[in-house]
Amino acid sequence: LTYVATMVVQIPSPMQGYVNLGDCCVLLSGWMLGPWWGGAAAGIGSMLTDLLNGYAHYAPGTFVIKGCQAMGNKAAGYAVSGVVAEVIMVAGYFGYAALLLGKGIGAAASIPGNLVQAAMGLVIGLVLFFLLKRSKVLDKLALQ
């Protein structure tokens, strides 16, 4: 689902990339499947998107960043864990591009686009999670 959500809606960003619905599924993966299964689903789905769309140089970073992002702690509250997860995403991509891709401080240019991605992912992810919870889908799947 993470891969599909990332591919369905892609709004081009002036910072070489795109804003998408993938972060919604990254957060939902962590909240619904727990840290390990959710981290695997988020990391693999997001990494596949990079590999299949010409961003292979981001794939290793995406796997780790999105996997960590999905490991949010439900005990701290969904909104708080979502904010922490999105901070991990923004800081993770900045660090990855600055240090491992050699962009240095120029990697800061991606921060505004990643903040928009983070805000959209958090808001839509929370709305979807509480709609699923209210509809009892989570109870039926025993994934709560």
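Here the structure is shown first, and the text comes after it.
As the structure is a computational prediction, the values presented were derived from the model and not from experiment.

1. Considerations on the overall build of the chain
Right, so step 1: Secondary structure assignment for the chain yields six helices and two strands.
Right, so step 2: Reading the helices (α) and strands (β) of the chain from amino to carboxyl end gives α-β-β-α-α-α-α-α.
Right, so step 3: Evaluated residue by residue, the chain yields a buried proportion of 40% over its 144 residues.
Right, so step 4: Sequence separation of 24 or more characterises 64% of the internal contacts of the chain that already satisfy a separation of 6 or more.
Right, so step 5: Surface summary for the chain: the accessible area is close to 7500 Å², and the carbon and sulfur share equals 75%.

2. Brief notes about the packing of aromatic side chains
Right, so step 1: Counting across every chain of the model gives seven aromatic pairs.
Right, so step 2: Ring geometry for Tyr58 versus Tyr96: centroids 5.9 Å apart, planes at 40°, classification tilted. With Tyr58 in the loop between α2 (22-52) and α3 (59-69) and Tyr96 in helix α4 (residues 78-100), the pair connects residues that are 38 residues apart, well separated along the chain. The pair Tyr58 / Tyr96 is uniform in exposure class, with both members buried.
Right, so step 3: Ring geometry for Tyr78 versus Phe129: centroids 4.4 Å apart, planes at 45°, classification tilted. Of this pair, Tyr78 sits in helix α4 while Phe129 sits in helix α5 (residues 111-134); the two residues are 51 residues apart in sequence, bridging distant segments of the chain. Of the two residues, Tyr78 and Phe129, both sit in the buried class.

3. Observations regarding the nonpolar core
Right, so step 1: Counting ten residues, the largest nonpolar core consists of Tyr58, Ile65, Met89, Val90, Tyr93, Tyr96, Ala97, Ala98, Ala107 and Ala118.
Right, so step 2: Top element by residues in this core is α4. It accounts for six residues.
Right, so step 3: Here Tyr96 is in contact with His57, Tyr58, Pro60, Gly61, Ile65 and Leu101, once residues within four sequence places are set aside.

4. Digging into a nonpolar patch on the surface
Right, so step 1: Taken together, the side chains of Ile44, Leu48, Leu51, Leu52, Phe63 and Val64 present a nonpolar region at the surface, about 520 Å² in accessible area.
Right, so step 2: Secondary-structure elements contributing two or more residues to the nonpolar patch are α2 and α3.
Right, so step 3: If you tally residues by element for the nonpolar patch, the top one is α2, at four residues.
Right, so step 4: Within the secondary structure, Phe63 sits in helix α3.
Right, so step 5: Residue classification places Phe63 among the partly exposed residues on the basis of a relative accessible area of 36%.

5. Overview of the packing of α2 against α5
Right, so step 1: Between α2 and α5, whose axes approach to 7 Å, the crossing angle comes to 45°. Judged on the interaxial angle alone, α5 and α2 are oblique. The way α2 lies across α5 gives a crossing that is right-handed. In this structure, α2 contributes Asp23, Cys24, Leu27, Leu28, Trp31 and Met32 to the contact, and α5 contributes Gln117, Ala118, Met120, Gly121, Leu122, Ile124, Gly125, Leu126, Leu128, Phe129 and Leu132.

6. Overview of the side chain of Asn114
Right, so step 1: Relative to the elements of secondary structure, Asn114 occurs in helix α5.
Right, so step 2: With relative accessibility at 16%, the residue Asn114 sits in the buried group.
Right, so step 3: Leaving out residues up to four positions away in the same chain, Asn114 has contacts with Met89, Val90 and Tyr93.

Here is what the cut-offs are and how they apply
Residues numbered from 1 in each chain as written. Predicted model: local features only at pLDDT ≥ 70, side-chain atom pairs only at ≥ 80, totals over all residues. Heavy atoms only, no water. Helix = DSSP H or I, 4+ residues; strand = E, 2+ residues; numbered from the N terminus. Buried < 20%, exposed > 50% of the residue type's maximum accessible area, 1.4 Å probe, protein only. Contact = heavy atoms within 4.5 Å. Areas by Shrake-Rupley, 256 points an atom, 1.4 Å probe, with all protein chains shown as cover. Phe/Tyr/Trp six-rings, centres within 6.5 Å; stacked < 30°, edge-to-face > 60°. Core = buried A, V, L, I, M, F, W, Y, C linked by side-chain atoms within 4.5 Å. Patch = residues over 30% accessible without salt bridge, like charges linked within 9 Å, V, L, I, M, F, W, Y side chains within 5 Å. Salt bridge = Lys/Arg side-chain N within 4 Å of Asp/Glu carboxyl O. Axes fitted to C-alpha atoms, helices over the stretch in contact; angles between N-to-C directions. Parallel < 35°, antiparallel > 145°, perpendicular 65-115°, else oblique. Left-handed = near helix turned anticlockwise from the far one by under 90°.

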